[in-house]
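Spelled out from the first residue to the last, the chains are:
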Amino acid sequence: MQGNQNFDNDVVGKRYRLRDMIAHQSHMITCVLLLITGLYMAIQFNTCSLHAWELMSYQTLRLIHVIAGILFLVINWTFIPFNLITSGHLLNDLFGLKDFTRLYQAIVGVFKPPEEYPKYTIYDKTTGHYKNKLHPGYKLMVVFEAMAILFIGLTGIIMIDLKFGFVNFDIPLWNNFMAWFVNDITGSAAAFIGMSGVELIRIIHLWATYWFVLELIIHLGFLGTDPRMSQNVKALFLTGKETMNEYVDVVEGAHEEHKKKPREKRPLIVFR
């Protein structure tokens, strides 16, 4: 994709804060650990070959998986949402009504000359903020990623054993609730397809993982086809900043939310 050569390459924007960089890198590390340990355990469980644990003991592998899973959920369900909310530009990073139009333009733009493809990184050099950072296709993909994480997280919590490794929690209330939920609630639904409650939860967990892996491949595909890939990687892992180039729409002017309309003075109480 070629860009318009009329650009100001002296403009540098702060794309990621330090905590954004930490959150994304922590998300990536725990994600890799979960996929490696989880898929390895799934393969061994399905082949039922207990002698095949050559890399490390099953208990150690499972302990790593559980710890990585807890960290992964804490990062995705608390740290990342907190960063989005406190960024001051939450709506710009989520898929909204404007992104339906942008997504249509992106699809149509594929069939047009490369120089006519829309620019989706919009930087306001007056305010020093981004009006838009992400491709609409990527924003939409994040929605499906969040759904996969929800299924993985909930089924993982249901399957977690509070007695593993050096951890030895015995919480009767938790055990009784999980036994009731798995056997009576999930088990009743699973009976219609000839499964037990545990089998159904395990299959949902595994297929949600496959769903997440597919989303991850598409995610990397978006990154690989972006002509600013090196800029994005450098900003995300090293500096947090990027230099604007021909693929960025640099504009001047205040954010719409900063343009305050004069408020009419009204009495607190109106008698009619």
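Values in this document were obtained by computation on a predicted structure and should not be read as measured data.

Points about the side chain of T37
(1) Moving on: Position of T37 relative to the elements: it lies in helix 1 (residues 18-47).
(2) Moving on: A polar contact is formed between the side chain of T37 and the backbone oxygen of L34, at a distance of 3.4 Å.

Brief notes about the nonpolar core
Note that soluble globular proteins tend to have their nonpolar side chains buried in a common cluster.
(1) Moving on: The biggest cluster of nonpolar side chains holds eleven residues, and these are C31, L34, L35, A68, F72, L73, A148, I149, I152, A208 and F212.
(2) Moving on: Of all the secondary-structure elements, those providing two or more residues to this core are helix 1, helix 2 (58-86), helix 5 (136-159) and helix 7 (197-225).
(3) Moving on: Once you skip the residues sitting within four places of it in the chain, L35 turns out to touch Y40, T209, V213 and L216.
(4) Moving on: Core analysis: the second largest hydrophobic core is formed by five residues, V11, Y123, Y130 and M244 among them.

Observations regarding the packing of helix 5 against helix 7
Packed helix pairs are specified by the crossing angle of their axes together with the interaxial distance, meaning the distance between the axes.
(1) Moving on: Contact geometry for helix 5 and helix 7: axes closest at 9 Å, N-to-C directions at 155 degrees. If you check the angle between helix 5 and helix 7, you find them roughly antiparallel. In this structure, the crossing between helix 5 and helix 7 has a hand that is left-handed.

Re the packing of aromatic side chains
(1) Moving on: If you walk through the whole model with that rule in mind, you get seven aromatic pairs.
(2) Moving on: On the numbers, 5.0 Å between centres and 65 degrees between planes, the contact of Y123 with Y130 is edge-to-face.
(3) Moving on: With relative accessibility at 5%, the residue Y123 sits in the buried group.
(4) Moving on: Y130 gets classed as buried once you look at its relative accessible area, which sits at 5%.
(5) Moving on: For the pair W207 and Y210, a centre-to-centre distance of 5.1 Å together with 85 degrees between the ring planes defines the contact as edge-to-face. Linking W207 with Y210, this pair stays in helix 7, spanning three residues, or about one helical turn.
(6) Moving on: You can call Y210 partly exposed: its relative accessible area is 36%.

What to know about helix 6 (residues 172-190)
(1) Moving on: Taking 1.5 Å of rise per residue, 19 residues should cover 27 Å, and helix 6 covers 25 Å from first to last C-alpha, within 8% of that figure.
(2) Moving on: Of all the bends in helix 6, the largest measures some 30 degrees and sits at F181.
(3) Moving on: By the burial criterion, the buried members of helix 6 are M178, V182, T186, G187 and A190.
(4) Moving on: Along its buried surface, helix 6 packs onto helix 5 and helix 7.

What to know about the sheet that holds strand 2 (residues 121-124)
(1) Moving on: The strand order across the open sheet formed by three strands is 3-2-7, and the pairing between neighbours is mixed. Either end of the sheet is taken by a strand with one partner, and the two such strands are strand 3 (129-132) and strand 7 (248-251). Here the strands of the sheet are splayed against their neighbours by 30 degrees on average, with no regard to which way each runs.
(2) Moving on: Relative to strand 3, strand 2 runs antiparallel, the two being bridged by three bridges. Among the inter-strand pairings, D124 is bridged to a residue of strand 3, identified as H129.

What to know about the pattern of salt bridges
(1) Moving on: Tallying each qualifying case throughout the model produces five salt bridges.
(2) Moving on: E242 serves as the salt-bridge partner of R15, at 3.0 Å between the closest nitrogen and oxygen. Within this pair, whereas R15 is found in the loop between strand 1 (12-14) and helix 1, its partner E242 is found in strand 6 (residues 241-243), the two being separated by 227 residues in sequence. Per residue, the accessibility class of R15 equals that of E242, and both read buried.
(3) Moving on: A salt bridge links R102 to D99; its shortest N-O distance comes to 3.3 Å. Here R102 and its partner D99 are both found in helix 4 (residues 97-109), three residues apart, which amounts to about one turn of the helix. Here R102 matches D99 in class, with each residue buried.
(4) Moving on: Taken together, the shared-partner salt bridges connect D99, R102 and K139 into one network.

Quick look at the side chain of T155
(1) Moving on: Among the structural elements, T155 can be located in helix 5.
(2) Moving on: On the basis of relative accessibility, which here comes to 7%, the residue T155 falls in the buried class.
(3) Moving on: Separated by 2.8 Å, the side chains of T155 and H205 make a polar contact.
(4) Moving on: Excluding its chain neighbours within four sequence positions, the residues that come into contact with T155 are I201, I204 and H205.

Reading guide: rules and limits
Residues numbered from 1 in each chain as written. Predicted model: local features only at pLDDT ≥ 70, side-chain atom pairs only at ≥ 80, totals over all residues. Heavy atoms only, no water. Helix = DSSP H or I, 4+ residues; strand = E, 2+ residues; numbered from the N terminus. Polar contact = N/O pair within 3.5 Å; in protein donor to acceptor, adjacent residues only side chain to side chain. Core = buried A, V, L, I, M, F, W, Y, C linked by side-chain atoms within 4.5 Å. Buried < 20%, exposed > 50% of the residue type's maximum accessible area, 1.4 Å probe, protein only. Contact = heavy atoms within 4.5 Å. Axes fitted to C-alpha atoms, helices over the stretch in contact; angles between N-to-C directions. Parallel < 35°, antiparallel > 145°, perpendicular 65-115°, else oblique. Left-handed = near helix turned anticlockwise from the far one by under 90°. Phe/Tyr/Trp six-rings, centres within 6.5 Å; stacked < 30°, edge-to-face > 60°. Expected span 1.5 Å × (residues − 1). Bend = angle between axes of the 7 residues up to and from the residue. Pairing = 2+ DSSP bridges. Salt bridge = Lys/Arg side-chain N within 4 Å of Asp/Glu carboxyl O.

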